[in-house]
Amino acid sequence: MTDPVLPHIADPSLAAGGRRRADWASRQMPVLEKVRERFAQEKPFDGRAISACLHVTAETVVLMRTLKAGGADLVLVASNPLSTQDDVAASMVAHDGVTVQALRGEDTTTYYKHIRAALDRGPVITLDDGADLVSTLHKEYEDSLNDVRCSMEETTTGVIRLRAMDADGALKIPVVAVNDAMTKHLFDNRYGTGQSTVDGVIRATDILMAGSISVVAGYGWCGRGVANRLRGQGSRVIITEVDHVKALEAAMDGFEVMPMLDAARAGDLFVTLTGDTSVIRREHFEVMKDGALVANSGHFDVEVDLKIVEEMAESVEENVRNHVDAYIMPDGRRINVLAKGRLINLAAAEGHPASVMDMSFSVQALCCEWALKQDGLEVRVHSVPKEIDDWVARLKLETMNIGIDTLSEEQENYLKSWQMGT
Ligand code: ADE
């Protein structure tokens, strides 16, 4: 199926501002620039349809320009209803030849209508952030499954979903776990989420972090990043975990670790990054302090049980500040939920900074090229080829003017030998 797909954006008149922000981001994405220069010469996509379901941000524009330079015919739709930056959406339509269907604040029906439009275009490659595109492809586009050569997945949550599909025998196309590349999760998940989450909380609330008590739920790469950045701002950070090793790591990293029920009594600010559902629920809301701030930075809006807080509240004051709704409990306590429990870093701030997306999106672009070159990729979750990870790390270091040492022949031989000991 290759139906024509028309743009659906909020306001074309925002294009000039969007372009300025995308150009700013582009200047901080030198690795992707190198990829783009080569793609412009070699045209690896040569008119092929690529559909992407990603956060529509200034950094995503730079990825789209890169795939476009490689000859791709592009449709871009949002991977979250609240993360779209309407100005860059307009700019891509006006200046970059990308068909964008994304509106900030779109409802669920529109969100899935856009995803279907991206699939109606008949892509050979798809890019996903959370696996909603691939999931819809499997549920509603069975006849098109064979046309998709491979899909790239950007997030931890998406990779977990895809591995679950694979384990269930439900996965019908090859996918690449872009998230699992070292040059992706070590930097994007940790430093990108770390900085942008704190940025989102501060923009939404303007609270003083110094001396506050923060509770971070989940000590994966994203949780580690957020906990460290909150600590850097002078907050006393408590970690909650369900995994013994991660909890131990958090304790040895110098954080307090305790169950959420205890943390709920102590925290001024809560941030969930677990990838799981109902992490903050009735028993936690019941004991939270007056004025508690509750935010989520995990991919889906399931970690904070909003239905329950709505049910418990006597009244709600919406938009007490942008991105803040206050739930007034029968005992008078106010519980402030940020960004309706959606990704705080993309809803209230601008997502990860460009310099870190430089690596994630270089991996994305190079994996698209790699996948198209493979003959009959096996249907399973593939790792990013090590050469791609190494190339991105090498280039990133070069662009940061950081040199490293190389092994001498003697050192190489030593590492290969097993006879030498004490
Ligand atoms: N995910 C997190 N931050 C992002 C950004 N700036 N652009 C696209 N996807 C993102």
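Residues numbered from 1 in each chain as written. Predicted model: local features only at pLDDT ≥ 70, side-chain atom pairs only at ≥ 80, totals over all residues. Heavy atoms only, no water.

Engineer: Quick question: what am I supposed to make of the overall build of the protein here?
Structural biologist: Looking only at helices and strands, the protein features 17 helices and 15 strands. In terms of overall dimensions, the protein is globule-like: its C-alpha atoms have a radius of gyration of 22 Å, near the 22 Å expected for 422 residues. With the C-alpha coordinates aligned to their principal axes, the bounding extent of the protein is approximately 70 × 65 × 45 Å. Out of the 422 residues belonging to the protein, those deemed buried represent 55%. Within the protein, contacts between residues separated by at least 24 positions form 70% of all contacts whose residues are at least 6 apart in sequence. For the protein, the computed accessible surface area is about 18,900 Å², with 50% contributed by carbon and sulfur atoms. Taking the 44 positively charged and 64 negatively charged side chains of the protein as two groups, their mean positions are separated by 3 Å. (Helix = DSSP H or I, 4+ residues; strand = E, 2+ residues; numbered from the N terminus. Rg over C-alpha atoms; globule rule 2.2 N^0.38 Å. Buried < 20%, exposed > 50% of the residue type's maximum accessible area, 1.4 Å probe, protein only. Contact = heavy atoms within 4.5 Å. Areas by Shrake-Rupley, 256 points an atom, 1.4 Å probe, with all protein chains shown as cover. Lys, Arg positive; Asp, Glu negative; His and termini not counted. Charge placed at Lys NZ, Arg CZ, Asp CG, Glu CD.)

Engineer: Is there a simple way to explain the nonpolar core in this structure?
Structural biologist: Where a protein is soluble and globular, its nonpolar side chains tend to be buried together. Counting 56 residues, the largest nonpolar core has Met64, Leu67, Leu76, Met92, Ile125, Leu127 and Met152 as the members making the most contacts within it. The element that contributes the greatest number of residues to this core is helix 15 (residues 354–373), accounting for 12 residues. Contacts of Leu67, omitting those with residues within four sequence positions, involve Phe39, Phe45, Ile50, Ala72, Leu74, Leu127, Ala365 and Cys368. (Core = buried A, V, L, I, M, F, W, Y, C linked by side-chain atoms within 4.5 Å.)

Engineer: What should I look at first to understand the site of the ligand in this one?
Structural biologist: Taken together, His55, Thr57, Glu59, Thr60, Leu346, Glu350, Gly351, His352, Met357 and Phe361 form the complete shell of residues around the ligand. Interatomic distance of 2.6 Å between a side-chain N/O atom of Thr57 and a nitrogen atom of the ligand. One of the side-chain nitrogen or oxygen atoms of Glu59 is found 2.8 Å away from a nitrogen atom of the ligand. Protein coverage of the free-state accessible area of the ligand, which is 260 Å², stands at 95%. When residues of the shell around the ligand are traced back to their parent elements, those giving at least two are helix 3 (58–69) and helix 15. Here the shell around the ligand is built from residues that sort into 3 nonpolar, 5 polar and 2 charged. (Near = heavy atom within 4 Å. Polar contact = N/O pair within 3.5 Å; in protein donor to acceptor, adjacent residues only side chain to side chain. Nonpolar A, V, L, I, M, F, W, Y, C, P; charged D, E, K, R; others polar.)

Engineer: Is there a simple way to explain the sheet that holds strand 2 (residues 73–78) in this structure?
Structural biologist: In a beta sheet, neighbouring strands are held together by backbone hydrogen bonds and run either parallel or antiparallel to one another. Strand order in the open sheet made by the 7 strands is 3-2-1-4-5-6-15, with parallel pairing throughout. Of all strands in the sheet, those bounded by a partner on one side alone are strand 3 (99–101) and strand 15 (381–382). Summarising the sheet, strand 4 (residues 125–128) and strand 5 (residues 150–153) pair through 4 bridges and their orientation is parallel. By the bridge assignment for strand 5, Ile125 is matched with Cys150. Taken strand by strand, helix 15 contacts strand 4, strand 5, strand 6 (175–177) and strand 15, and its axis lies near 160° from that of strand 5. (Pairing = 2+ DSSP bridges. Axes fitted to C-alpha atoms, helices over the stretch in contact; angles between N-to-C directions.)

Engineer: Please clarify how the packing of helix 2 (residues 30–42) against helix 16 (residues 386–399) should be interpreted in this entry.
Structural biologist: In contact at an axis separation of 9 Å, helix 2 and helix 16 are set at 120° when each is read in the N-to-C sense. Note that helix 2 runs across helix 16; the crossing there is right-handed. Mapping the contact onto sequence places Pro30, Val31, Lys34 and Val35 in helix 2 and Trp391, Val392, Leu395, Lys396 and Thr399 in helix 16. Across the contact of helix 2 with helix 16, the residue classes tally to 6 nonpolar, 1 polar and 2 charged. (Left-handed = near helix turned anticlockwise from the far one by under 90°.)

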